[in-house]
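Structural overview for review
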Amino acid sequence: MPPEDAYTATPFLPARGGLPALGKAAAACRGCPLHRDATQTVFGTGKATARVMLVGEQPGDQEDRQGTPFVGPAGHLLDRALADAGIDPAEAYLTNAVKHFKFTRAEPRKRRIHKAPTLREATACSPWLAAELKTVKPELLVVLGATAGKALLGASFRVTRVRGTLLEEEIHGRPQRLVATVHPSAVLRSDDREAAYQGLVSDLKTAARALE
Ligand code: URA
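Note that this is a predicted model, so its numbers are computed, not measured. Within any chain, residue numbers begin from 1 and follow the written order of that chain's sequence. Only residues with pLDDT of at least 70 are given local features in this predicted model, and only at 80 or more are side-chain atom pairs given and counted; all residues enter the totals for whole chains, interfaces and linings. With hydrogens and water stripped out, all remaining heavy atoms of the structure feed into the side-chain values.

1. As for unusual backbone geometry
One non-glycine residue, Y7, lies in the positive phi region at around 50 degrees. Helix and strand definitions here come from DSSP, where helices need a minimum of 4 consecutive H or I residues and strands a minimum of 2 consecutive E residues; each element is numbered from the N-terminal end. Structurally, the position occupied by Y7 is in the segment before α1 (19–26). For F70, which is not a glycine, the phi torsion comes out positive at approximately 55 degrees. Checked against the element boundaries, F70 lands in the loop between α2 (61–66) and α3 (73–85). Note on exposure labels: buried denotes an accessible area under 20% of the residue type's maximum, exposed denotes more than 50%, and partly exposed covers the range between, all computed with a 1.4 Å probe on protein chains only. For F70, a relative accessible area of 9% gives the class buried.

Right under this line is the structure:
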């Protein structure tokens, strides 16, 4: 059976090493079929000593091309919101629940349209996120949207129910402080973009206060 049909990244995880070893191993991951169409694995970025870890959904078109999370339009909005909330990006580790871009090709121009990952794909990828959490041990986790929330906290997770509140949950057997908020792409898609942006900043301010 090809490894991608097993839907788990576990056999690709390195036996030891820090973030560089993880990133190198993730580059060769074939734990689900998404690696076939994506340009490259987009692993997390930031220091192992980062105090806060932000977890998004999956790389978009720009991230897939550049190999770095949050460098496209959603990333620019997130950068601005972090600055407005008073969170220093140098203190942040940025990553995604799913490390490969998933898309459909829109004919006739063949634009690559982002497609949300399935729970099966997110579950297959979750050993990477678990390893990042175990390595960075952030003081605070910021969960950006439903895919990240479900990957970390289970299928019953609802952003609207818990957003903007400092929570403490057990994740992979370890107590973890976290704040959930909407995904920056949802702000970009919102009919009232300014109100949605202010909501994101307000939630991130809760995160900033938790880091004081
Ligand atoms: N959206 C995400 O969830 N992650 C990225 O890295 C970019 C866009």
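From this point, the narrative continues.
2. Some details on the sheet that holds strand β1 (residues 52–56)
Spatially, five strands are ordered β2-β1-β5-β7-β6 in an open sheet, and the strand pairing comes out mixed. Edge positions in the sheet fall to β2 (92–96) and β6 (167–171), since each of these pairs with one other strand and no more. Here the strands of the sheet are splayed against their neighbours by 35 degrees on average, with no regard to which way each runs. Think of it this way: DSSP has to see at least two bridges between two strands before they count as a pair. Across five bridges, the pairing between β6 and strand β7 (residues 174–181) is antiparallel. In this analysis an axis means a line fitted to C-alpha atoms, helices contributing only their contacting stretch, and an angle means the value between N-to-C directions, from 0 to 180 degrees.

3. Considerations on the site of the ligand
The cutoff for a nearby residue is simple: one of its non-hydrogen atoms must lie within 4 Å of the molecule or strand. Within the structure, the ligand sits among G56, E57, Q58, P59, G60, E63, P69, F70, N96 and H183. Under the rule applied, a polar contact is a pair of N or O atoms within 3.5 Å (in protein, one hydrogen donor and one hydrogen acceptor; residues adjacent in sequence only if both atoms are side-chain atoms). For the ligand, an oxygen atom lies 2.8 Å from a polar atom in the backbone of E57. Within the contact set of the ligand, a nitrogen atom lies 3.1 Å away from a backbone nitrogen or oxygen of Q58. Exposure was quantified through the Shrake-Rupley algorithm and a 1.4 Å probe, taking into account, for residues, occlusion by the shown protein chains and nothing else. About the coverage of the ligand: the protein hides 94% of its 240 Å² of free accessible area. Gly is placed with the polar residues, together with every amino acid not listed as nonpolar (Ala, Val, Leu, Ile, Met, Phe, Trp, Tyr, Cys and Pro) or charged (Asp, Glu, Lys and Arg). Grouping the constituent residues of the shell around the ligand by class yields three nonpolar, five polar and two charged.

4. As for empty space enclosed by the protein
Sizing a probe to match a water molecule and rolling it over the atoms shows the empty space that remains. Only protein atoms enter the 1 Å grid used here. Points where a 1.4 Å probe fits but cannot escape make up a cavity, open sets with protein on both sides within 12 Å along at least five of seven lines make up a pocket, and a residue lines them when an atom lies within 4 Å of a point. Grid points are joined across faces, edges and corners, and a volume is the space filled by probe spheres set on the points. Evaluated as defined, the whole model comprises one cavity of 30 Å³ or more. Of the volumes computed, that of the largest cavity is approximately 80 Å³. In terms of lining residues, the largest cavity is bounded by 14 residues, among which C29, C32, H100, C125 and W128 are the most central. Of the residues contributing to the lining of the largest cavity, the split by class is eight nonpolar, three polar and three charged.

5. A short note on the state of the cysteines
Defined by distance alone, a disulfide is two cysteine sulfur atoms within 2.5 Å. Under the criterion given, the structure shown has zero disulfides. In this structure C29 is not part of a disulfide, and its nearest cysteine sulfur, from C125, lies 6.4 Å away. On the basis of relative accessibility, which here comes to 9%, the residue C29 falls in the buried class.

6. Notes on the packing of α1 against helix α4 (residues 119–136)
Pairs of packed helices are described in terms of their axes, by the angle between the two and the distance that separates them. Packing of α1 against α4 leaves a shortest axis separation of 10 Å and a crossing angle of 170 degrees. Relative to α4, α1 is oriented roughly antiparallel. Along its contact with α1, which presents L19, L22, A25 and A26, the element α4 presents W128, A131, E132, T135 and V136. Grouping the constituent residues of the contact of α1 with α4 by class yields seven nonpolar, one polar and one charged. Small angles under 35 degrees read as roughly parallel and large ones over 145 as roughly antiparallel, with 65 to 115 read as roughly perpendicular and the rest as oblique. The contact definition used throughout considers only heavy atoms, calling two residues in contact when any of these lie within 4.5 Å.

7. Digging into the packing of aromatic side chains
Only rings of Phe, Tyr and Trp enter the pairing, Trp through its six-membered ring, and a pair is recorded when the two centres are within 6.5 Å. The plane angle decides the type: under 30 degrees is stacked, over 60 is edge-to-face, the rest tilted. Applying the stated criterion across every chain yields a total of two aromatic pairs. An angle of 90 degrees between the planes, with centres 6.1 Å apart, marks the rings of F43 and W128 as edge-to-face. Taken together, the residues span a long stretch of sequence, with F43 in the loop between α1 and β1 and W128 in helix α4 at a distance of 85 residues. Pair check on accessibility: F43 and W128 agree, each one buried. Pairing F101 with F103 gives two aromatic rings, centres 4.9 Å apart and planes at 25 degrees, and the pair type is stacked. Grouping residues by exposure puts F101 and F103 together as buried. The ring centre of Y197 lies 4.3 Å from the NZ or CZ of R80, which sits over that ring. To sit over a ring, a charge needs its Lys NZ or Arg CZ within 6 Å of the ring centre and within 35 degrees of the ring normal. Directly above the ring of F103 sits R112, whose terminal nitrogen or CZ lies 4.9 Å from the centroid.

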